[in-house]
Amino acid sequence: MTRFAPLPSPENSDGHARRTGVEVEFGELSEIAAADVIAKHLGGRVVSVGGHDRRVEDSRIGGIDVYLDTALREKLANWPRLLDAGRELAREVVPVEIVTEPLDRDGLLALDDARKALREAGATGSRAGVVFGFGVHLNVEIVSDAAQDVVRPLLAYALVEDWLRLAAPINEARRVLPFTDPYPTSFVRRLVALGPEAGLAPVIDIYLEETPTRNRGLDMLPVFAHLDPDRVAAAITGATSARPAFHFRLPDCRIDESDWSLDLPWRQWRTVERVAADGDLLGTLATRWEAAHGAVTLFRGAWGEEAGAILAARGIETP
């Protein structure tokens, strides 16, 4: 299969290629070592942006930030000595992250080639330890601010999420930790009831009522903050970065495995958009989802298997 095959709607409403920002978490390599590997492979120069944090500027794919997990940094930001100590204590379980600017397909290909260099340098992924919960996040630009270009992919993801988790199971540590919790059944039920032609306001309302957290496999708060900042600000404590992009954070990072690449998370997201683009398939999944879910859902795996069978019948294979 072609690496980073085009999305069903490859261009935004302005006619430009949609871009995707990428965040990759991994272990073993320090921020400094990782930045050096990236600069050697992609060009550019490494600059210090405070403490151990580094930025690779003017690389072939633009600026790339390299730092220890943002959550730790934010919690200890006012305690610099404790931050340094915390970094060293946390290195066994807290990942280093690389964060790119929005990339086109050529940029994604170049980043995936740099991923090989990081693996060869010793970067480790989510399966390298029992407490590792390293992931890959894709920030995929939306086609437009129109309701259908936001609601349909959200509904598609909600309907196939259980299948994605069966088809490409995430690491045990990531299942236990709350960072990629599945959507509540109550939210999916209300989203299905609204349907694919729903307006943005009611969809945002039920999202904020049912799942007002960043810790989902598909985190919609950034795009909702872009589309309706006042509504989100009124419902969420703390700032939410607004951007016109789906924040897909379900996939594991398996950077140290030779048969894995960033194309796997990309194929998972592309599957979501293929479902969203097929109105008949979306309707079939919604109808079958309602039939499969009573008042209480005790076992989500059964729907995951059924959804997978529906997709397979339409020629959509396991990503």
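Residues numbered from 1 in each chain as written. Predicted model: local features only at pLDDT ≥ 70, side-chain atom pairs only at ≥ 80, totals over all residues. Heavy atoms only, no water.

**Section: the confidence of the model for the protein chain**
The criterion, for reference: One number per residue, pLDDT, summarises how confident the predictor is, and it ranges from 0 to 100. Whether two residues are in contact is decided by their heavy atoms: any pair within 4.5 Å suffices.
Looking at the protein chain, the pLDDT average stands at 89 and 87% of residues meet or exceed 70. Note on residues 72-83: pLDDT is under 50 here. Beyond four places in sequence and across chains, it has 12 contacts.

**A few points about helix α7 (residues 185-194)**
Basically, it comes down to this: Buried residues are those whose accessible area, probed at 1.4 Å on protein chains only, stays under 20% of the maximum for their type, while exposed residues exceed 50% and partly exposed ones sit between those limits. Strands are runs of DSSP state E lasting at least 2 residues, helices are runs of H or I lasting at least 4, and numbering of each runs from the N terminus. The arc in question is the one spanned by the directions pointing from the helix axis to the C-beta atoms.
The set of residues buried in α7 consists of Thr-185, Phe-187, Val-188, Leu-191 and Val-192. End-on view of α7: buried residues confined to an arc of 155°, all on one side of the axis. Where the residues of α7 are buried, they touch α5 (147-167), α8 (200-210) and α12 (279-292). Positioned one or two residues after α7, Gly-195 has a phi angle of 85°, which is positive.

**Description of the packing of aromatic side chains**
In plain terms, the rule: Aromatic rings from Phe, Tyr and Trp, taking only the six-membered ring of Trp, are treated as a pair when their centres fall within 6.5 Å; an angle between ring planes under 30 degrees marks them as stacked, one over 60 as edge-to-face, and anything in between as tilted.
Evaluation of the coordinates by the stated rule reveals nine aromatic pairs. Judged by centre distance (5.3 Å) and plane angle (80°), the ring pair of Tyr-207 and Phe-224 falls under edge-to-face. Taken together, the residues span a long stretch of sequence, with Tyr-207 in helix α8 and Phe-224 in helix α9 (residues 221-227) at a distance of 17 residues. Between Phe-248 and Trp-269, the aromatic rings sit 5.4 Å apart at their centres with planes inclined by 45°, giving tilted as the arrangement. In this pair, Phe-248 is assigned in strand β8 (residues 245-248) and Trp-269 in helix α11 (residues 263-277), connecting sequence segments 21 residues apart.

**Let's talk about the sheet that holds strand β6 (residues 136-141)**
For clarity, the cut-off: At least two DSSP bridges between two strands are required for those strands to pair. Here an angle of 0 to 180 degrees is reported between the N-to-C directions of two axes, which are lines fitted to C-alpha atoms, with helices fitted over the stretch in contact.
The strand order β2-β3-β4-β5-β1-β6-β8-β7 describes an open sheet built from eight strands, whose pairing is antiparallel. Each of the sheet's edge strands pairs with one partner strand only, and the pair in question is β2 (45-48) and β7 (218-219). With four bridges joining them, β2 and strand β3 (residues 54-59) adopt antiparallel strand pairing. Across the sheet, Val-46 pairs through a bridge with Val-56, a residue of β3. Along the sheet face, helix α1 (residues 31-42) touches β1 (20-26), β2, β3, β4 (62-68) and β5 (96-100) and points at about 160° away from the line of β4. Strand contacts of α5: β7 and β8, with the helix running at about 15° to β8, the strand carrying the most contacts.

**As for unusual backbone geometry**
Not every positive phi belongs to a glycine, and Phe-4 is a case in point at roughly 55°. Here Phe-4 is to be found in the segment before β1. Even without being a glycine, Glu-28 presents a positive backbone phi close to 80°. Relative to the helices and strands, Glu-28 is located in the loop between β1 and α1.

**Some words on helix α13 (residues 301-313)**
To keep it simple, the criterion reads: By definition here, a helix of n residues has an expected span of 1.5 Å times n minus one.
With 13 residues, α13 extends 19 Å between its outermost C-alpha atoms, agreeing within 8% with the 18 Å of an ideal straight helix rising 1.5 Å per residue. Buried residues of α13: Gly-301, Trp-303, Gly-304, Ala-307, Gly-308, Ile-310 and Leu-311, and no others. Packed against the buried residues of α13 are α5, α11 and α12. Two residues or fewer after α13 comes Gly-315, characterised by a positive phi angle close to 85°.

**Concerning the side chain of Ser-59**
The cut-off we apply is this: Any pair of N or O atoms that falls within 3.5 Å is considered a polar contact. Within protein, one atom must be able to donate a hydrogen and the other to accept it, and sequence-neighbouring residues count only if both atoms are side-chain atoms.
Inspection of the secondary structure puts Ser-59 in strand β3. In terms of polar contacts, Ser-59 uses its side chain to reach the backbone amide nitrogen of Ile-61, at 3.1 Å. Here Gly-62 takes part through its backbone oxygen, which lies 2.6 Å from a polar atom of the side chain of Ser-59. With sequence-adjacent residues up to four places away left out, Ser-59 is seen in contact with Leu-42, Gly-43, Gly-44 and Ile-64.

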